Amino acid sequence: MTAVATHPSGAPRGRAAGPPDTSVGPVGWMRENLFNSALNAVLTALFGAFIAWAAVRLALLVFVNSDWEIVQRNLTSFMLGRFDRAELWRPWAATGILAVTFGLVGGAGSVTAEQIAQQEGRQLPRITWRDRLRRFWPMALLVVVLLGFTRTIAPTLLALLVLAVGVVARSVGTRLPSVLNRFIWVVALLGFVAAVVVLSRFGGVGWDEWGGLHLSIFATGSGIVLAFPLGLLLAMGRRSSLPAVRIVSVGYIEFFRGVPLITLLLMGQFMIGFFLPGWIDAPSQLARALVAIVIFESAYIAEIVRGGLQGVDRGQIEAGQALGMSPLAVVRRIQLPQALRAVIPAMVGQFISLFQDTTLFFILGFDELLNVGQRVTNQPDFVGQGLQSVTLPFVAFVFWAISYSMSRESRRLETRLGVGTR
């Protein structure tokens, strides 16, 4: 009998020596993590009982004790506020345009990621629909809940059509020539502008008539896109060796960080007109609110980015200078990539805070999501019934689903970039 040759790891020769199997199964995991000591077992039992009690109470509230008719009858108001009901085709058309935009950008981005991985000798894992569902399950749950409140089949069919359009656009995005991939940001910008034009121009509904979740998402997206580059400039200006630039940047950041957002929103409504020449028409109410948001958020973003810039090793900057790189190239290729990677958690936290701060728009008279939750309880069919216990949890769920999705994407990006591990 011939003895079987084995690998030093214990695996028979001729087979790939993979990593040792460390899976212990659900029961083993619970023993190792939840019941590995008397104290841990007691704490696990206490928290388990509390979670079970909270889950039962929540289930009773959602499925037994609450009458969701007020949400069902006012779902359009929750989504769009006082948007003209005769123009509801415009939000669907804008959603379709954004689906095409995100699909093209996503497809082009995946191709770029594969090219970078090939250059680095890595192989990206194959992403299945199950992986995508696990990644976006909070948003998928939100869409299912919203469609569950609709009273006709038309919204469900339109949502499926928008999803199909996005999938086709993503497939097209993966086949774009590499020359177009470099300018995919232009496609994203044009898509966003086209969606706004469809909503507001050519007989559409003006910005000041927008409301509901639609208003919150628009204000958040516009605030992020406009405040982020301004925050970058302010962060670099604060570290500039030029005294004039540094003083102006520091003054801007310290002043606007010290003023509450609600104050800036009110000041924007009354004071922006004084800074404009007479031949320029006063901007709309929503435009003035966006100006206040951009001013406020850029000050906070500047401080977040400055914290990341301070974490960049001085030796790397000097190495770039020794190689003959210009100051701009050092900032663009050495400082900013590392700084932005390090501040992802704080930056996304600021974006989530901005999304939730859009509820302050009610002081300007906008029919934003939280205001709708209060307003509909005063309708003749629902007044005096204490239905805030129904509308407010619904509003909270909508905010949670979107905020949690942003948080999950932040953690995913941190994992891919190795934040905190290298």
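All values derive from a computational prediction rather than experimental measurement. (Residues numbered from 1 in each chain as written. Predicted model: local features only at pLDDT ≥ 70, side-chain atom pairs only at ≥ 80, totals over all residues. Heavy atoms only, no water.)

If you look at the biggest cluster of nonpolar residues, it comprises 72 residues, and the most contacted ones within it are Phe-78, Trp-210, Leu-265, Val-305, Phe-361 and Phe-394. Looking at which element gives the most residues to this core, the answer is helix 14 (residues 285-310), with 13 residues. Apart from the residues lying within four places of it in its own chain, the contact partners of Leu-265 are Ala-289, Ala-292, Ile-293, Leu-360, Phe-361 and Leu-364. (Core = buried A, V, L, I, M, F, W, Y, C linked by side-chain atoms within 4.5 Å. Buried < 20%, exposed > 50% of the residue type's maximum accessible area, 1.4 Å probe, protein only. Helix = DSSP H or I, 4+ residues; strand = E, 2+ residues; numbered from the N terminus. Contact = heavy atoms within 4.5 Å.)

Before going further, it helps to examine the packing of helix 11 (residues 212-238) against helix 17 (residues 344-357). The geometry of helix 11 relative to helix 17 is characterised by a closest axis approach of 9 Å and an angle of 140 degrees between their N-to-C directions. The orientation of helix 11 relative to helix 17 falls into the category oblique. Once helix 11 is placed against helix 17, the crossing between them reads as right-handed. Contacts between helix 11 and helix 17 involve Leu-213, Ser-216, Ile-217, Thr-220, Gly-223, Ile-224 and Phe-228 from the former and Met-347, Phe-351, Leu-354 and Phe-355 from the latter. Here the contact of helix 11 with helix 17 is composed, by residue class, of eight nonpolar, three polar and no charged. (Axes fitted to C-alpha atoms, helices over the stretch in contact; angles between N-to-C directions. Parallel < 35°, antiparallel > 145°, perpendicular 65-115°, else oblique. Left-handed = near helix turned anticlockwise from the far one by under 90°. Nonpolar A, V, L, I, M, F, W, Y, C, P; charged D, E, K, R; others polar.)

This next bit is on the packing of aromatic side chains. Enumeration according to the criterion identifies 17 aromatic pairs in this entry. Consider the rings of Phe-149 and Phe-394, whose centres lie 5.6 Å apart with planes at 85 degrees: the pair is edge-to-face. Separated by 245 residues along the polypeptide, Phe-149 in the loop between helix 7 (137-148) and helix 8 (154-173) and Phe-394 in helix 19 (residues 388-417) bring together distant segments of the chain. No difference in accessibility class separates Phe-149 from Phe-394, as the two residues are buried. Between the aromatic rings of Phe-355 and Phe-399, the centroid separation amounts to 4.9 Å while the plane-to-plane angle is 50 degrees, which identifies the pairing as tilted. Taken as a pair, Phe-355 in helix 17 and Phe-399 in helix 19 lie far apart in primary sequence, 44 residues in all. Since its relative accessible area comes to 2%, Phe-355 is described here as buried. (Phe/Tyr/Trp six-rings, centres within 6.5 Å; stacked < 30°, edge-to-face > 60°.)

Our next topic: unusual backbone geometry. Residue Phe-202 is not a glycine yet carries a positive backbone phi of 55 degrees. A relative accessible area of 73% means that Phe-202 is categorised as exposed.

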